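Observations on the model geometry
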Amino acid sequence: MRIPLLSIYRCVGTLNSRHIVPRVSQIALVPRHYSTSPSKPSTVTLNGKSYPCDDHTNVPPHIAQCLSRKLHLIPNHPISITRSLIESQFPSPVYKSYNTLLPVVTVGQNFDSLGFPLDHPGRSRTDTYYVNKDTVLRTHTSAHQADTFRLRESDGFTISADVYRRDAIDRSHYPVFHQMEGARMWSRDSVPNGDIAAAIWKEIEQMPRHDLKVEDTAGAWDAERNPVQSEHTDAEAEAVAAHLKRSLENVVVEVFGQARKAAIAAGEAKESEVEEPLKVRWIEAYFPFTSPSYELEVFWQGDWLELLGCGVVKQELLKNADCNDQIGWAFGVGLERVSMLLFNIPDIRLFWSQDARFLSQFTPSTITRFQPFSKFPPCHKDVAFWLPSSTTSAAGGNTMGVFHENDMMEVVRDVAGDDAEDVRCIDEFVHPKTGKKSLCFRVNYRSLERTLTNDETNQMHEKVRQALVERYGVELR
Ligand code: FA5
Ligand code: MG
């Protein structure tokens, strides 16, 4: 059985599981950087608009700068090419696309409208960028579900956008990435005899069939772990789930079919690989806003990779959006994940590169294989430190004042930007006598565009060390 994830944001399958940073247990500690320092600015400017700051504000300048990039709208950018390709599988007029929704949303939109409990870890400042206590940078495109349902402009929709999460640093994680939300609704009032299940099955029969090898360990639902909602009949939930799964399987067939063609064209794929049938599987999942819920994984280069989460939309959400006559599904797919596979892009930082050697390789509407321009040498450096011992009282039981591995990630991003390739905790130690805790992180510095000099790397690392002392009061070892 799969245990529901506490946070919807923890990716279970990354492109390369070696790069998952171990979770460091949380230690109460007041971060000085964004708390009550007198030099703290009173406003933060995002996309040219200014927002008041408060004790919750934790959007650093390097993240604020990303808001204007809008990679999913640059026609020859791989994220945008991937978006268009998936979007073409959800055509109008059934599906309307929304691609310009702004990333600054309310806590209500991002969490409350989706039924996130108040103590859900996704709400914490260690995981989410707060503009102020009421406003966040959206952590997922689901933040727009309720508003888009309420608009009722079409039976279905897609929403593509940049999303923001305080997260690990490695080749498949970046604090800004892109998602596409998709949804499809049916109204009881507009199907013959109000029989939604029959209407949906009729549609499924008309959908293209595929010969994909699909393993389904999730089934339509599980009474205990992944239940049908009390407002739905089993037959309705089963029909909605079947439509959802077939729609997404068809996307996989199309997208990976294109990836194979590109690989063959580039002379990369062997005949045997091309003939080997594509394997995908459905597994049970948990999201506060869908039930039953699923994740779709695809077998790619020897490993199962999580592409998306989805499920039958919670009726409570639809009721609050004045759509209680409707029933339907929603999904959220990571565009970087798909794009890295399609274009053979080895490092997620590359998407943010402004280097012509990267950008000039892509053409609108075309999948091509990325040709690495060069591989520059890495340089790793360790930093070990004691966490202050008198931290619990300082934090006053406030979870906002907790040292989290994401704080380490943020310090490194602040100082080294995209020159940090990978950061992991390599040692955690509690002194048997003093009870003091020590952490050791390894930072791998490597530029994608040039060779970093030893001096430069040393200087960056020294700044990281000093920032840890200044912001978190750690004692360097
Ligand atoms: C969500 O964000 C849900 N909102 C998805 C959803 C939508 C469920 C609608 C139900 C209905 P999750 O945190 O698992 O779920 O992210 C969805 C996808 O985004 C993942 O499957 C993955 O492809 C991508 N993703 C998640 N975190 C990252 C990351 N740090 N870097 C790159 N891609 C990521
Ligand atoms: Mg997930």
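Parameters and conventions
- Residues numbered from 1 in each chain as written.
- Chains lettered and ligands numbered in written order.
- Predicted model: local features only at pLDDT ≥ 70, side-chain atom pairs only at ≥ 80, totals over all residues.
- Heavy atoms only, no water.
- UniProt positions renumbered as here; feature names shortened; annotations may be inferred.
- Helix = DSSP H or I, 4+ residues; strand = E, 2+ residues; numbered from the N terminus.
- Contact = heavy atoms within 4.5 Å.
- Polar contact = N/O pair within 3.5 Å; in protein donor to acceptor, adjacent residues only side chain to side chain.
- Buried < 20%, exposed > 50% of the residue type's maximum accessible area, 1.4 Å probe, protein only.
- Phe/Tyr/Trp six-rings, centres within 6.5 Å; stacked < 30°, edge-to-face > 60°.
- Lys NZ or Arg CZ within 6 Å of the ring centre and 35° of its normal.
- Disulfide = S-S within 2.5 Å.
- Pairing = 2+ DSSP bridges.
- Axes fitted to C-alpha atoms, helices over the stretch in contact; angles between N-to-C directions.
- Core = buried A, V, L, I, M, F, W, Y, C linked by side-chain atoms within 4.5 Å.
- Salt bridge = Lys/Arg side-chain N within 4 Å of Asp/Glu carboxyl O.

Per an unreviewed UniProt entry, the protein chain carries the name Phenylalanine--tRNA ligase, mitochondrial and comes from Ascodesmis nigricans. The Catalytic activity (unreviewed entry) field of the UniProt record for the protein chain holds the comment "tRNA(Phe) + L-phenylalanine + ATP = L-phenylalanyl-tRNA(Phe) + AMP + diphosphate + H(+)". In UniProt, the protein chain has this text filed under Function (unreviewed entry): "Is responsible for the charging of tRNA(Phe) with phenylalanine in mitochondrial translation."

Considerations on the environment of Arg450
Tracing the sequence through the fold places Arg450 in the loop between strand 18 (437–445) and helix 13 (454–472). Linking Arg450 and Lys375, residues 75 residues apart in sequence, is a C-alpha distance of 8.5 Å. Not counting residues up to four positions away in its chain, the partners in contact with Arg450 are Phe376, Asp419 and Glu456. Polar contacts involving the side chain of Arg450 include one to the side chain of Glu456, which spans 2.8 Å.

A look at the environment of Gly328
Within the secondary structure, Gly328 is located in strand 14 (residues 326–334). Taking the relative accessible area as the measure of exposure, Gly328 reaches 0% and is therefore buried. Taking the C-alpha atoms as reference points, Gly328 and Trp186, 142 residues apart in sequence, are found 6.1 Å from one another. Residues in contact with Gly328, not counting those within four places in the same chain, are Arg184, Met185, Trp186, Val240, Gly311, Val312 and Val313.

Description of the packing of aromatic side chains
All chains considered together, the criterion is met by 21 aromatic pairs. Centre to centre, the rings of Phe343 and Phe362 are 5.5 Å apart; their planes meet at 85°, and the pair counts as edge-to-face. Pair noted here: Phe343 is in helix 9 (residues 335–343) and Phe362 is in the loop between helix 10 (356–359) and strand 15 (379–386), with a separation of 19 residues, a long-range link. Accessibility classification places Phe343 together with Phe362 in one group, the buried group. Ring geometry for Phe385 against Phe441: centres 6.1 Å apart, planes inclined by 15°, an arrangement best described as stacked. Remark: Phe441 occurs in strand 18 and Phe385 occurs in strand 15; sequence separation between them is 56 residues. Note on accessibility: Phe385 and Phe441 belong to one class, buried. Joined through ring pairs, the aromatic side chains of Phe343, Phe358, Phe362, Phe370 and Phe373 make up one cluster. The side chain of Lys245 reaches across the aromatic face of Tyr294, ending 4.2 Å from its centre. Between Lys279 and the ring centre of Phe299, over which it is positioned, the NZ or CZ distance is 4.3 Å.

Here we look at the state of the cysteines
Inspection of every chain in the model, using the stated rule, returns zero disulfides. Here Cys425 is not cross-linked by a disulfide; its sulfur's nearest cysteine counterpart is in Cys440, at 7.4 Å. Take Cys425: its relative accessible area is 10%, and that puts it in the buried class.

Details of the side chain of Asn99
Structurally, the position occupied by Asn99 is in the loop between strand 4 (95–98) and strand 5 (104–106). Reaching out from Asn99, the side chain makes a polar contact with the side chain of Glu87 at a distance of 3.0 Å. A polar side-chain atom of Asn99 sits 3.4 Å from the main-chain amide nitrogen of Ser160. Once residues lying within four places of it in the same chain are set aside, the contact partners of Asn99 are His72, Leu73, Arg83, Glu87, Ile159 and Ser160.

So, the sheet that holds strand 4
As summarised here, the arrangement of the eight strands in space is 4-8-9-14-13-12-11-10, forming an open sheet in which the pairing is mixed. Strand pairing shows two members of the sheet lacking a second neighbour, strand 4 and strand 10 (213–216), which therefore form its edges. Across this sheet, the average inter-strand angle for adjacent strands is 20°, counted without regard to direction. The sheet contact formed by strand 10 and strand 11 (residues 279–284) spans four bridges and is parallel.

What about the nonpolar core?
Counting 77 residues, the largest nonpolar core has Leu46, Ile86, Leu137, Leu248, Phe256 and Ile345 as the members making the most contacts within it. With 11 residues, the single largest contributor to this core is helix 6 (residues 234–265). Residues within four places of Ile86 in sequence aside, it is in contact with Met180, Val251, Val255, Val333, Leu335 and Val338.

Side note on the sheet that holds strand 5
With antiparallel pairing, three strands are arranged side by side in an open sheet as 5-7-6. Edge positions in the open sheet fall to strand 5 and strand 6 (130–132), since each of these has one partner strand only. Taken over all neighbouring pairs, the strand axes of this sheet differ in orientation by 35° on average, direction set aside.

Quick notes on the environment of His404
Note on placement: His404 falls in the loop between strand 16 (402–403) and helix 12 (405–416). You can call His404 buried: its relative accessible area is 4%. With 277 residues separating them along the chain, His404 and Asp127 place their C-alpha atoms 9.1 Å apart. Within the structure, the side chain of His404 is placed 2.9 Å from the backbone nitrogen of Asn406, a separation counted as a polar contact.

Overview of the pattern of salt bridges
Counted under the stated rule, the structure contains 28 salt bridges. In this structure, Asp422 and Arg424 form a salt bridge, with 3.0 Å as the shortest nitrogen-oxygen distance. Looking at Asp422, the relative accessible area reads 5%, which means it is buried. For Arg424, a relative accessible area of 31% puts it in the partly exposed group. Here Glu428 ties to Lys437 by a salt bridge, and the two come within 2.7 Å at their closest N and O atoms. What emerges from the salt-bridge pattern is a single network uniting Arg171, Asp347, Arg349, Glu421 and Arg446.

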